[in-house]
Amino acid sequence: MCDEEANVEQNENDHQFDKEEEFMSLLDLPIEIFLHICSFLDAETLMHSLSLVCKQFYEVLNDDLFWKMRINQILQNTGYPILPPAEDDELFWKLSCVAIEKQTSLWKNENSMEKLSLTNVQYSTIDGLLLMHKGKICISGARDRSLACWSLPVEENDHVRYTCIDLAHNGWIWDLTAIDNMVYSCSWDQNIKAWNLTTTGLVHFKTYEMIVTGALLCIASCPELALFATGSFCKTVLVFDSRSGYSPIARYQPHQRAVIRLAMNSDYILSASEDKTVSIWDQRVRRIMKTVTISKESFPMSMSMQTNLVYVGDSNAKLHVLDLKSGFEPVKCYETEHKKGITGVHFTPGCVITSSMDKTVRISSPTDPPQNLTTLTCGYGEIASIDYLNNVLAVSGTEGIEIWRPRART
């Protein structure tokens, strides 16, 4: 009887142990083990999935220190961010970590990106370049005065389709921008043309004839306000409301030499000039806020404005950072490994992309100082323009465009 009772008691204990094992979950793990498990998951999964499972997971993964440490593990021996984030931005560290992980994974892994070549359509340097529709459409304007609309393949067996308008302008097409499905091209013929993007290509909508004596060298837009602006060889910036007529709503002359690049948001228009300055126009009061000298030795060639930072690439291959919150004061200047002027710069929370007349594109971390993630070489000579949208990179040179985009997952 004693042996039987002992067996019954042992079976009951085993059954109780099995029940405890059956109900054991991640919630029962020590925090150190839970965080160790998290280290094997990507930041996007942690933020958008695991943190939403229950209140306990949310509280653990809502700690900014967790995300800061994760970023430091990816970008070692650098400072991130370059400038402190806004105090009320509760999602800054989470979103930054997601963006940094994604961009680092894309550009450091040789097999993660595929390259497409768009060629044999435009037969001169392609200065105007614009990605649309999440990187599925590419618009290009060239010095042969043609305007092409490229539809990039979506399915594995698709091929590149395009339409081309041979004489879209009477002069070199120099820059492109868009508001919704309306594409705006500026040219040396002193005109801006609006083109409606349809399923069959670009259709001419209207022409804005400028009252200026020089070529139009740049154009930028602010879709939130439905405004666009153009800069000219004759030092003038003109601002238009796309919803109204043909006349500019503002006109000003902020520089001593040609306006060669614009950046624009709902508050400011930044213009870069061969006079070595960047001028800031306040759209809210319609006046010049200040003018900043970038360098005494070089002039700004490219700009990218996001949130509270402005990146400026110059003719001596240096990268300058302006702080919007402190009145657009220059706060950083970095040497790059480019050998010639920086023709394009694009800043995102996950990376900084620069292109140069030395035929290379450098993808770097948005840190102090930047760390190089990878370097691409353009097969079409000196790089005239770049654009980046939805992890798709477009690079243009002479007679061709290269597209770098994530490979389709099988």
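Reading the values: the criteria
- Residues numbered from 1 in each chain as written.
- Predicted model: local features only at pLDDT ≥ 70, side-chain atom pairs only at ≥ 80, totals over all residues.
- Heavy atoms only, no water.
- Helix = DSSP H or I, 4+ residues; strand = E, 2+ residues; numbered from the N terminus.
- Buried < 20%, exposed > 50% of the residue type's maximum accessible area, 1.4 Å probe, protein only.
- Contact = heavy atoms within 4.5 Å.
- Areas by Shrake-Rupley, 256 points an atom, 1.4 Å probe, with all protein chains shown as cover.
- Patch = residues over 30% accessible without salt bridge, like charges linked within 9 Å, V, L, I, M, F, W, Y side chains within 5 Å.
- Salt bridge = Lys/Arg side-chain N within 4 Å of Asp/Glu carboxyl O.
- Pairing = 2+ DSSP bridges.
- Axes fitted to C-alpha atoms, helices over the stretch in contact; angles between N-to-C directions.
- Phe/Tyr/Trp six-rings, centres within 6.5 Å; stacked < 30°, edge-to-face > 60°.
- Lys NZ or Arg CZ within 6 Å of the ring centre and 35° of its normal.

## What to know about the overall build of the protein chain
Move 1: Helix and strand counts for the protein chain come out as 6 helices and 28 strands.
Move 2: Among the 410 residues that make up the protein chain, the fraction classed as buried is 52%.
Move 3: The contacts in the protein chain between residues at least 6 apart in sequence include a share of 45% that link residues at least 24 apart.
Move 4: With the model as given, the accessible surface of the protein chain reaches about 20,600 Å², and the carbon-plus-sulfur share is 49%.

## A closer look at a nonpolar patch on the surface
Move 1: A cluster of nonpolar side chains, Leu26, Ile33 and Ile37, forms an exposed patch at the surface whose accessible area comes to about 220 Å².
Move 2: Exposure remark for leucine 26: the relative accessible area of 35% places this residue in the partly exposed category.

## Here we look at the sheet that holds strand E24 (residues 360-364)
Move 1: With antiparallel pairing, the 4 strands of this open sheet are ordered in space as E22-E23-E24-E25. The sheet is open, and its two edges are formed by strand E22 (342-347) and strand E25 (372-377), each paired on a single side. Each strand axis lies, on average, 15 degrees off the axis of its neighbour in the sheet, ignoring direction.
Move 2: Sheet analysis places strand E23 (residues 352-356) next to E24, joined by 4 bridges and oriented antiparallel. When the sheet's bridge partners are listed, threonine 354 is paired in E24 with arginine 362.
Move 3: Packed on one face of the sheet, helix H6 (residues 92-108) meets E24 and E25 and runs near 45 degrees to E25.

## Points about the sheet that holds strand E15 (residues 268-273)
Move 1: Read across the sheet, 4 strands follow the order E14-E15-E16-E17 without closing on themselves; strand pairing throughout is antiparallel. If you trace the sheet from one side to the other, it starts and ends with strand E14 (259-264) and strand E17 (287-293), each paired once. Looking at each pair of strands side by side, their axes are set apart by 20 degrees on average, direction ignored.

## Observations concerning the packing of aromatic side chains
Move 1: Counted according to the given criterion, the structure contains 18 aromatic pairs.
Move 2: Relative to tryptophan 67, the ring of phenylalanine 66 has its centre 5.0 Å away and its plane inclined at 85 degrees; by these criteria the two rings are edge-to-face. As far as the burial class goes, phenylalanine 66 and tryptophan 67 line up, both buried.
Move 3: A centroid spacing of 5.3 Å and a plane angle of 80 degrees characterise the contact between tyrosine 208 and phenylalanine 228, whose relative ring orientation is edge-to-face. Of this pair, tyrosine 208 sits in strand E9 (residues 201-209) while phenylalanine 228 sits in strand E11 (residues 227-232), placing them 20 residues apart in sequence.
Move 4: Here a set of aromatic residues connected by ring pairs shows up, and it is made of Tyr184, Tyr208, Phe228, Phe240 and Tyr246.
Move 5: In this arrangement the basic side chain of arginine 143 is found over the ring face of tryptophan 172, its NZ or CZ atom lying 4.8 Å from the centre.
Move 6: Here the guanidinium or amino end of lysine 206 rests over the ring plane of tyrosine 246, the centre of that ring lying 4.4 Å away.

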